[in-house]
Amino acid sequence: MSSLVGFLSLVFAIGINFYLFLSRYIFKFQKQKFNLFIRFSSLLTLLSFFSLMYAYVVSDFSNYNVFQNSHSNKPLIYKISGTWGNHEGSMLLWLCILSIFSFFFSFTKNIEDNFQKLTLIIQAFLHILFGLFIVFTSNPFLVNSILVNEGLGLNPILQDPGLAVHPPILYAGYVGYSIVFSIAIAGLFQNTDDEWLYVAKKWSLISWTFLTGGIALGSYWAYYELGWGGWWFWDPVENISLMPWIAGLALVHSLMMVRGEQAIKKWIVFLSILCFSLSVFGTFLVRSGILTSVHSFAADASRGIFILLIFFIVTGFGFLVFLLKEPKKSNALNLLFINKVSALVINNILMIIATLTILLGTIYPIIIEVLYNKRISVGGPYFNSTVIPIMIPGFLLMSIAPILSWQTNKINNSKKYVLAFIILSVLVILQSYFLDFNTWGFVGLLLGFWIILASIIAIFSSYKIKINIKFFKIINPHVAHIGVGIAIIGITCSSVFQNELDFNLNEGDKFNVNGKTVLFEKIETTDEINFQSLRGKFLFDIEKNQSKEIQAGKNYYPVSKMITSEAGILHQWNKDIYFILGDQKNNEWFVKVLINPFVSFIWLGVIIMMYSGLIAVFRR
Amino acid sequence: MSLRFQRLLLILLTLVIILIAVLLILYNTRENVSYFYTPSEIDKSEIIINKTIRIGGFIENDSFNKISSSSFKFRITDEKASIPVSYNGILPDLFREGQGAVIEGAFNNNDVFNATNVFAKHDENYMPASIKEDLKDTGYWNKKYK
Amino acid sequence: MNRIFILTPLIVLLIICIFSLVYLLSGKDPNKPPSALLNKDVPIFESSSLYNEKDIIKTKDIKNKKTLINFFASWCSPCKIEHPLFFEIGKKYPELYLLGFNHKDPTSDAKKYLKDDGNPYDFVGVDSDGLIALEFGVFGLPETYLINEDGKIIYKFMGPITMDILKNEIEPLL
């Protein structure tokens with residue numbers, strides 16, 4: 001029943017969007033009525049999504065999708081997240097978020113009516129494309145032809161609270177760029193004033209913030225769930241989310257130039273189209289099953305071709321409009337060596353090169369296989385040694401960029417910065433001299449601290465310190481960059497200075513980690529609702545009275561006969577101690593202990609970046 | 001500095017950055033890319049010792065051998081050929097005989113593949129029984145460690 | 001000059017799309033191993049006949065002959081749909097051994113079902129606790145397996161088989 005409601009409302013919503021799309025050419029609407037229709041179709045799409053969710057919650061196995069991906073033994077939260085834990089459901093979520101963005105955009109005030117309408121018509125067009133994709137190739141409302149009283153469960157690796165909220169947030173980021181795309185295209189068609197740049201800026205900041213959150217959640221999940229002790233693997237799916245993120249960052253920065261009246265409209269439009277194209281391309285790569293990873297669902301060639309077609313239409317349409325309706329000439333740039341404009345231009349060039357590098361690394365295997373019929377894998381080493389060096393000049397530049405002037409190439413208080421840089425360099429050199437020296441570690445630490453230091457100096461020497469909202473808005477770019485600096489320190493320390501210890505232990509053994517004695521207390525097995533758990537219990541620092549207990553082990557999910565690792569992590573502000581329980585032979589267990597310094601800095605940095613993203617939405 | 005000189009400097013800087021990027025990409029696509037084979041594609045006569053490659057296939061039944069709690073021997077196969085592998089470390093969660101896996105590593109002198117990384121794959125087509133009552137009978141660890 | 005710059009993304013798009021399309025159409029499946037169940041030995045099972053408890057069938061009894069194994073139950077309506085097809089298979093391929101497993105059914109219901117609709121199977125094994133289905137990895141009824149002479153599973157179908165599937169997928173294997 002709920003499946004029928006869901007399917008009908010989905011089809012109806014697509015129908016309304018089709019009607020709205022035609023309204024540009026055939027029937028003319030008033031703005032009021034038009035917006036009502038848009039909102040109505042959004043609500044219908046939402047209804048469709050919720051009826052699928054309802055089918056999951058009540059374990060309605062007459063729905064084929066529920067049958068394939070759910071199980072009545074699952075806890076409620078994973079029944080809900082099961083809705084988007086599969087190909088069909090996740091595409092419906094995609095569409096749902098698209099229409100939520102249209103819904104909110106229809107409330108935007110102080111923009112020209114025709115412009116808003118055109119933007120929403122382009123959104124309707126996107127809705128139709130993806131809606132048809134769902135109906136024809138990935139319908140989540142199919143009736144189950146087999147009579148069953150139980151479902152097939154969900155990939156237990158995906159049964160995790162972090163991952164339950166990860167896709168909606170990530171998708172909000174991806175799909176948010178659809179609005180930016182539509183705004184840019186509408187801007188090209190109307191080609192009137194520059195008001196739309198401010199609207200685009202707001203929406204691109206919202207999408208970027210969501211995308212940041214989604215990516216961070218995903219890598220946090222990988223950190224404690226996959227049990228490898230790392231948080232970024234240059235997995236194709238991670239790369240796919242990173243591409244629109246970097247391009248989006250370039251977009252946000254180039255939209256900053258609006259304030260200095262130096263915007264290059266052509267470039268902004270290009271970036272807007274690129275961001276959404278990369279989002280759709282990412283969806284294509286994951287959904288077609290061309291790239292296999294933990295995230296990809298079963299492959300089906302017809303799906304792949306359909307979504308490739310969508311990608312081609314959307315991107316081709318975008319760039320074609322871009323080609324035909326060139327924005328009118330903007331004023332010449334005030335490029336100096338080195339002022340704010342040139343810093344932003346260099347920033348954009350670097351980010352685009354980085355995006356292209358990742359894009360190349362991601363599709364390189366496809367090209368090689370088609371041309372030479374050889375399979376290759378492009379992994380971490382390629383990306384690490386290509387992307388990071390490209391980004392380094394950008395990191396150097398960002399420390400002082402916010403205080404550069406629009407007009408001249410003078411830097412206030414330049415002596416202070418030079419002095420600070422020299423002192424900092426000496427400190428970092430001393431640090432690496434006394435601890436083990438590592439080139440990447442040196443560069444990373446120097447950059448990270450330099451960005452933080454320079455931003456702090458800039459805040460204190462350029463503005464009067466006040467505690468009010470306006471002040472926080474003014475120093476926001478510096479805050480964002482401090483966040484990046486903190487994240488760089490975290491990334492550098494946790495990857496370069498990671499320490500790995502291996503032990504073979506019997507129950508009751510004591511061993512030494514980082515100067516502290518750890519007791520391997522015992523192994524315990526227990527039965528949980530939908531899995532069996534095996535846990536090794538460790539007591540950290542037993543010499544103190546308040547020793548901490550750490551549990552590391554595995555879960556066994558009988559429904560899908562799968563095992564997942566559950567790493568035991570002891571969080572401290574300056575390091576994570578990461579326990580992994582390995583295999584056993586003759587009651588001797590293999591235990592791996594990783595000491596990851598300053599991992600918490602990465603998450604802190606990300607949170608600061610997201611905070612500034614939000615603040616920037618409100619800053620004009 | 002004259003205006004023209006500053007612009008020139010910027011353009012030069014940009015060109016240098018792009019050049020470095022292109023060189024990096026060219027260098028890294030040659031050095032840091034590993035080839036992927038299935039066991040039957042590996043030609044015994046053409047093995048390059050200590051060159052990192054990846055092999056994809058599935059773990060041969062009855063081939064898994066635990067040497068110690070952290071070192072393992074098994075064979076990876078595609079039903080046409082099979083290759084002996086040795087691995088030290090922690091095996092991934094989904095690693096089981098009969099399951100798909102991708103291993104990364106290199107051959108050493110005596111025809112054994114030394115894996116440095118093992119990635120297991122969950123075969124989506126294999127869905128074992130999921131009838132509720134049966135769950136009781138399928139205890140996995142059976143508390144046998146205690 | 002300017003035009004060329006703006007054309008670049010379109011050209012890149014075209015190249016990417018062409019490569020992806022060729023890749024998709026070539027049917028390449030990146031390092032996906034064959035299904036874990038296909039080409040594997042038949043699981044070891046032992047079951048008594050529905051009509052005679054002493055008549056027992058074991059895995060080794062189906063060695064050296066092609067066997068079609070079908071899991072069914074009287075309470076399963078899709079089973080009823082595919083039921084007549086087994087008569088046809090039996091008529092067309094007399095040397096094929098048709099083995100039915102009655103899944104989680106009271107004996108009386110199963111007997112009544114096979115009396116009303118006819119019994120196409122050479123042997124009807126009882127799987128009242130569902131353990132054999134568990135070994136085979138059955139997750140819903142009906143489900144059909146084709147076993148070759150070497151005792152390997154060469155084909156598996158979930159759901160009711162139809163005339164099309166019989167013609168295009170099962171018969172070529174016989």
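Residues numbered from 1 in each chain as written. Chains lettered and ligands numbered in written order. Predicted model: local features only at pLDDT ≥ 70, side-chain atom pairs only at ≥ 80, totals over all residues.

Asker: Outline the overall build of chain A, listing residues and values.
Answerer: Looking only at helices and strands, chain A features 18 helices and 10 strands. Since a compact globule built from 620 residues should have a radius of gyration of about 25 Å, the 26 Å found for chain A is in line with a globular shape. By the burial criterion, 54% of the 620 residues in chain A qualify as buried. Counting only contacts in chain A whose residues sit at least 6 apart along the sequence, the fraction spanning at least 24 positions is 74%. (Helix = DSSP H or I, 4+ residues; strand = E, 2+ residues; numbered from the N terminus. Rg over C-alpha atoms; globule rule 2.2 N^0.38 Å. Buried ≥ 20, exposed ≤ 12 C-beta atoms within 10 Å, placed from the backbone. Contact = placed C-beta atoms within 7 Å.)

Asker: Break down the pairing of strand β1 (residues 33–37) of chain B for me, with residues and values.
Answerer: Examined bridge by bridge, strand β1 (residues 375–378) of chain A and β1(B) share four bridges and lie antiparallel to one another. Along β1(B), the bridge assignment pairs Ile376(A) with Tyr35(B). One ladder, built from three bridges, connects β1(B) with strand β2 (residues 53–59) of chain B; its direction is parallel. Its bridge partner being in β2(B), Tyr37(B) is matched across the sheet by Ile55(B). (Pairing = 2+ DSSP bridges.)

Asker: Lay out the sheet that holds strand β6 (residues 143–147) of chain C with the relevant residues and their values.
Answerer: All names here are of chain C. As summarised here, the arrangement of the five strands in space is β5-β4-β3-β6-β7, forming an open sheet in which the pairing is mixed. Looking along the sheet, the strands with just one partner apiece sit at the ends: β5 (123–127) and β7 (153–158). Pairs of neighbouring strands in the sheet enclose a mean axial angle of 20°, with direction left out of account. In this sheet, β6 lies alongside strand β3 (residues 67–72) in antiparallel orientation, the contact comprising five bridges. Paired with phenylalanine 71 across the bridge in β6 is glutamate 143. (Axes fitted to C-alpha atoms, helices over the stretch in contact; angles between N-to-C directions.)

Asker: Provide a residue-level description of the domain arrangement of chain A, including the pertinent values.
Answerer: All names here are of chain A. Once the domains are mapped, chain A shows domain 1 (1–159), domain 2 (162–169 + 190–398), domain 3 (399–497) and domain 4 (499–600). Taken together, the contact between domain 2 and domain 3 spans 15 residues of the former and 14 residues of the latter. Looking at the side of domain 2 that touches domain 3, the elements that each hand over two or more residues are α12 (340–372) and α13 (380–398). Looking at the side of domain 2 that touches domain 3, the element that brings in the most residues is α13, giving five residues. Considering only residue class, the side of domain 2 that touches domain 3 consists of 10 nonpolar, four polar and one charged. (Domains from an automatic or database assignment. Nonpolar A, V, L, I, M, F, W, Y, C, P; charged D, E, K, R; others polar.)

Asker: Provide a residue-level description of the sheet that holds strand β10 (residues 588–597) of chain A, including the pertinent values.
Answerer: Through backbone hydrogen bonds, the strands of a sheet pair up, either in parallel or in antiparallel fashion. Residue and element names in this part refer to chain A. The four strands are arranged β2-β10-β9-β8 in an open sheet whose pairing can be described as antiparallel. If you trace the sheet from one side to the other, it starts and ends with β2 (499–505) and β8 (568–571), each paired once. Geometrically, the sheet is characterised by an average inter-axis angle of 20° between neighbouring strands, direction not taken into account. Taken together, the seven bridges between β2 and β10 define a ladder with antiparallel strand orientation. In the sheet register, asparagine 504 faces β10, and the bridge partner there is phenylalanine 590.

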